[in-house]
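# Structure assessment
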Amino acid sequence: MREKKRLQFIARYLSGKKSKRFSKFARKVESDTEFFKELSQMKSIWDYDVNLVEPKPAEEMWQDFQKRLRYEKNPTRRAVSQYAKRRRISRYSFAYAFAIIVLLLLPLSIFVYNNVETTEQTVQYSEIRVPHGQRHTLQLSDGTRIILDSGSYLRYPSTFSNKRVVYLKGEAFFEVTRNPRKPFIVHANKARVQVLGTKFNIRAWEPSHKVEVAVKEGLVSLQRADSTDAKMVYIEKNQISILEDQNPPIEPMSTDISHHLGWMQNEIRFESASIGQVFEQLQRWYEYNFVISDSSILQQKVTVHILNTNVEDVLQIMGRLTGSCIEREGNQIRFIEK
């Protein structure tokens, strides 16, 4: 009986169903990093099924669920079997776990389908476009705090309902309020970033298709948003992952997190970036229009770290980097080859 209860907790964790004793189980699961990663993969597959726009027969939904499990190298079987091995759960109990999942999934999928139109229609979205030369800090209805850099755009629900989803263009630092039952999802360019409650930075400037996710605290998942079967990576504290063009996200690697948060203290830090990218950032911060006489200069790669300083010092540094003379006329600055 105790084995069955543990499996019921796993199924409830995936479906988001609440119980008085659920929070204790959730904290225990989330403290086991490896097992939590596996459950997060299961959760992403689960969420995709229950948010279908059109209902499917139960048999077809189960077949789709099994196909995605095989693609992910059976994360569900592996995760539950690992948990079962530690708890000495029999094969009968393992099969019972799947029975619970299917039984919970069917009424949940019907509920979501019946309510998706009315829910989405009643959700009211707000938008923020941060003017050049400014930054903006806001707090969402769930307590999540976001700092937006100059030139960034954010679309978010005025009040969160059954899910927490926002849309970003630009750069932002997130301090997400923890809620294991409602993952926080950020769509940025073609990336989908999902967390339960953590602190992380996203850089997703357009027209570039590059998205960088750096984590200060907690655990963050990153995958392409244009494919339900896309590879997913998990980024831990003091790690970064990058998603670019049509490629899957790279495996997370260690980083100095301060390098990715310096923009909040007016620090400019680029590593092996094009001069064009540096000028784009300067235009957002200082509201100047930069004109380069030799456009080939914009493709040159530089590594630069400029501490909090005034625009005049920044211009002098950029003049030396490009080997150019500087001419100013109003808010237009010309870099002319020497």
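Shown above is the structure to which this text applies.
These numbers come from a predicted model, not from an experiment.

## Describing the packing of helix H8 (residues 275-286) against helix H9 (residues 311-322)
The interhelical angle for the contact between H8 and H9, taken along N-to-C directions, is 165°, at an axis separation of 12 Å. What the angle tells us is that H8 and H9 run roughly antiparallel. Helix-helix and strand crossings are classified by hand; for H8 and H9 the assignment is left-handed. Counted together, Ile275, Val278, Phe279, Leu282 and Tyr286 of H8 and Val311, Val314, Met318, Leu321 and Thr322 of H9 form the full contact between these two elements. Partitioned by chemical class, the residues of the contact of H8 with H9 number nine nonpolar, one polar and no charged.

## So, the nonpolar core
Taken as a class, soluble globular proteins show a tendency for nonpolar side chains to be buried jointly. Core analysis: the largest hydrophobic core is formed by 31 residues, its most contacted members being Phe174, Phe200 and Ile202. Residues within four places of Ile202 in sequence aside, it is in contact with Leu168, Gly170, Glu171, Ala172, Phe174, Val186, Ala188, Val193, Val211, Glu212 and Val213. One finds Ile240, Leu282, Leu315 and Met318 within the second-largest nonpolar core, a separate group that totals 29 residues.

## Examining unusual backbone geometry
Of the consecutive residues Glu206 and Pro207, the connecting peptide bond is found in the cis state with omega at 5°. Examined against the element boundaries, Pro207 turns out to sit in the loop between strand S8 (199-204) and strand S9 (211-217). Phi is positive for Asn238, close to 60°, though the residue is something other than glycine. Here Asn238 shows up in the loop between strand S11 (232-235) and strand S12 (239-243). Relative accessible area serves as the criterion here: at 31%, Asn238 is assigned to the partly exposed category. One non-glycine residue, Asn266, lies in positive phi territory at about 60°. Position of Asn266 relative to the elements: it lies in the loop between helix H7 (258-261) and strand S14 (268-274).

## A closer look at the packing of aromatic side chains
For any pair of aromatic rings, the description consists of the separation of the ring centres together with the inter-plane angle of the planes. In total, this model carries six aromatic pairs according to the counting rule given. Each ring, one from Phe290 and one from Phe335, has its centre 6.0 Å from the other, and the planes form 50°; the classification is tilted. Of this pair, Phe290 sits in strand S15 (residues 289-292) while Phe335 sits in strand S18 (residues 332-337), and the two are 45 residues apart along the sequence. Classification of Phe290 as buried rests on a relative accessible area of 10%. On the accessibility criterion, Phe335 (1% relative accessible area) is buried. One aromatic cluster in this structure is built from Phe160, Phe174, Phe184 and Phe200.

## Topic: the pattern of salt bridges
The tally for this structure, following the rule as stated, stands at nine salt bridges. For Arg203, the salt bridge identified is with Glu171, shortest N-O distance 3.1 Å. Taken together, the positions of Arg203 in strand S8 and Glu171 in strand S5 (residues 164-175) put the pair 32 residues apart, joining distant regions of the chain. Here the two residues Arg203 and Glu171 agree in accessibility, since each one is buried. Across the pair Glu251 and Lys231 runs a salt bridge whose closest N-O atoms are separated by 2.9 Å. Taken as a pair, Glu251 in the loop between S12 and strand S13 (253-254) and Lys231 in the loop between strand S10 (220-224) and S11 lie far apart in primary sequence, 20 residues in all.

Parameters at a glance
- Throughout this description, residue numbers start from 1 for each chain and increase along the sequence as written.
- Where local features are concerned, this predicted model is filtered to residues with pLDDT of at least 70; where side-chain atom pairs are given and counted, the filter is 80 or more; whole-chain, interface and lining totals use all residues.
- Where side-chain values are given, they derive from all heavy atoms of the structure, hydrogens and water being excluded.
- Lines fitted to C-alpha atoms define the axes here, with helix axes fitted over just the stretch in contact, and angles between the N-to-C directions of these axes take values from 0 to 180 degrees.
- Every helix listed is a DSSP run of H or I at least four residues long, and every strand listed is a run of E at least two residues long, numbered separately from the N terminus.
- Angles are sorted into four bins: roughly parallel if under 35 degrees, roughly antiparallel if over 145, roughly perpendicular if 65 to 115, and oblique for all others.
- The crossing is said to be left-handed when, going from far helix to near helix, the turn is anticlockwise and less than a right angle, and right-handed when the turn is clockwise.
- The contact definition used throughout considers only heavy atoms, calling two residues in contact when any of these lie within 4.5 Å.
- All amino acids are sorted into three groups, where Ala, Val, Leu, Ile, Met, Phe, Trp, Tyr, Cys and Pro are nonpolar, Asp, Glu, Lys and Arg are charged, and the leftover types, Gly among them, are polar.
- Throughout, nonpolar core names a set of buried Ala, Val, Leu, Ile, Met, Phe, Trp, Tyr and Cys residues whose side chains join them through atoms within 4.5 Å.
- A 1.4 Å probe rolled over the protein chains alone gives each residue an accessible area, and that area as a share of the maximum for its type sets the label: buried under 20%, exposed over 50%, partly exposed in between.
- Two rings belonging to Phe, Tyr or Trp (six-membered ring only in the last case) form a pair when the distance between their centres is within 6.5 Å. Interplanar angles under 30 degrees mark stacking, angles over 60 mark edge-to-face geometry, and anything in between is tilted.
- The term salt bridge refers to a side-chain nitrogen of Lys or Arg lying within 4 Å of a carboxyl oxygen of Asp or Glu.

By themselves these figures say nothing about function.
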